[in-house]
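Examination of the molecular architecture
Take a look at the letters that make up each chain.
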Amino acid sequence: SQQGEEDPQALSIQEGENATMNCSYKTSINNLQWYRQNSGRGLVHLILIRSNEREKHSGRLRVTLDTSKKSSSLLITASRAADTASYFCATEIKAAGNKLTFGGGTRVLVKP
Amino acid sequence: NAGVTQTPKFQVLKTGQSMTLQCAQDMNHEYMSWYRQDPGMGLRLIHYSVGAGITDQGEVPNGYNVSRSTTEDFPLRLLSAAPSQTSVYFCASSKDRRELFFGEGSRLTVL
């Protein structure tokens, strides 16, 4: 099974609402990253949080990391139709030569 | 600034055929990698390279070869295509593996 697994698999919200998605992982990490993928396009890096950080902000994005629970959350505040995309967490695994491993993603639909 | 360029965007192969997916980046990144994306599976690492002349295997390397003769280019070769290799392939590069820059993907169908 995958190192990182996102929850939920799909999320549908109204424009202006907040969207929260979670990522759980199994082994110790150096850092955790979140990426966005618009339909039919490549992934775009959103934010990186290091293993010794607990929270990070970037614009309307807030990422938390709880290494004791091996989990992270991505919050998108005041969502817009343009936020409709799939969101992936990626973990840099210490025990795997620092390879970057992606989860299965959360599909977010923001309805206008 | 082109970033990461992948060619071709679409390809249909017959079982047993070989082909090369091209990847080029103009950001002088040392790290380059190939992923495949299948529905519900996220992205799985095929091969990666930390610099010219250095390559290593990822999670799913079987059936694929890579080489890295220059910093800019990192081609992925399918030696004898199989239907299980039907997928979307992404090339990504990075200065330090901390922020990957992805190409737009190559959609491969093997009949």
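What comes next is a walk through the structure. Since the model is a prediction, treat every value here as computed from it, not as a measurement.

Parameters and conventions
- Residues numbered from 1 in each chain as written.
- Chains lettered and ligands numbered in written order.
- Predicted model: local features only at pLDDT ≥ 70, side-chain atom pairs only at ≥ 80, totals over all residues.
- Heavy atoms only, no water.
- Helix = DSSP H or I, 4+ residues; strand = E, 2+ residues; numbered from the N terminus.
- Buried < 20%, exposed > 50% of the residue type's maximum accessible area, 1.4 Å probe, protein only.
- Polar contact = N/O pair within 3.5 Å; in protein donor to acceptor, adjacent residues only side chain to side chain.
- Phe/Tyr/Trp six-rings, centres within 6.5 Å; stacked < 30°, edge-to-face > 60°.
- Disulfide = S-S within 2.5 Å.
- 1 Å grid on protein atoms, 1.4 Å probe; cavity = no way out; pocket = protein on both sides within 12 Å on 5 of 7 lines; lining within 4 Å.
- Points joined across faces, edges and corners; volume = space filled by probe spheres on them.
- Nonpolar A, V, L, I, M, F, W, Y, C, P; charged D, E, K, R; others polar.

1. Thoughts on the environment of S72(A)
Residue and element names in this part refer to chain A. Inspection of the secondary structure puts S72 in strand 8 (residues 71–76). Owing to a relative accessible area of 3%, S72 belongs among the buried residues under this scheme. A distance of 2.8 Å separates a polar side-chain atom of S72 from the backbone oxygen of T64.

2. Here we look at the packing of aromatic side chains
One pass over the structure, following the stated rule, counts 8 aromatic pairs over all chains. Between the aromatic rings of F102(A) and Y35(B), the centroid separation amounts to 5.2 Å while the plane-to-plane angle is 85°, which identifies the pairing as edge-to-face. With F102(A) in strand 10 (residues 100–102) and Y35(B) in strand 4 (residues 31–38), this residue pair bridges two chains. Neither F102(A) nor Y35(B) differs from the other in exposure class; each is buried. For the pair F102(A) and F102(B), a centre-to-centre distance of 6.0 Å together with 80° between the ring planes defines the contact as edge-to-face. Of this pair, F102(A) sits in strand 10 while F102(B) is found in strand 10 (residues 101–102), placing the two residues in two different chains. By the burial criterion, F102(A) is buried, and F102(B) matches it. Members of the aromatic cluster, each reached through a chain of ring pairs, are Y35(A), F102(A), Y35(B), F90(B) and F102(B).

3. Some points on the state of the cysteines
For the structure on display, the rule yields 2 disulfides over all chains. Each sulfur of the disulfide joining C23(A) and C89(A) lies 2.0 Å from the other. The disulfide joining C23(A) to C89(A) has a torsion of about 65° about its S-S bond and is therefore right-handed. In this pair, C23(A) is assigned in strand 3 (residues 19–24) and C89(A) in strand 9 (residues 85–93), connecting sequence segments 66 residues apart. Accessibility assignment for this pair places C23(A) and C89(A) in one class, buried. Here C23(B) engages in a disulfide with C91(B); their sulfurs sit 1.9 Å apart. The S-S bond linking C23(B) to C91(B) shows a torsion near -75°; that makes this disulfide left-handed. In this pair, C23(B) is assigned in strand 3 (residues 19–25) and C91(B) in strand 9 (residues 87–94), connecting sequence segments 68 residues apart. When sorted by exposure, C23(B) lands in the same class as C91(B), which is buried.

4. Some points on the layout of surface pockets
Reported here for the largest pocket is a volume of approximately 570 Å³. What lines the largest pocket is a set of 27 residues, and nearest its centre among them are S86(A), F88(A), G104(A), R107(A) and G40(B). Going through the elements one at a time, strand 1 (5–7), strand 9 and strand 11 (106–111) of chain A together with strand 4 and strand 9 of chain B are the ones with two or more residues in the lining of the largest pocket. Partitioning the lining of the largest pocket into residue classes produces 7 nonpolar, 14 polar and 6 charged. Looking at the second largest pocket, its volume works out to about 190 Å³. Those elements that provide at least two residues to the lining of the second largest pocket are strand 4 (29–37) and strand 5 (43–50) of chain A together with strand 10 of chain B. No other element matches strand 5 of chain A, which puts 3 residues into the lining of the second largest pocket.

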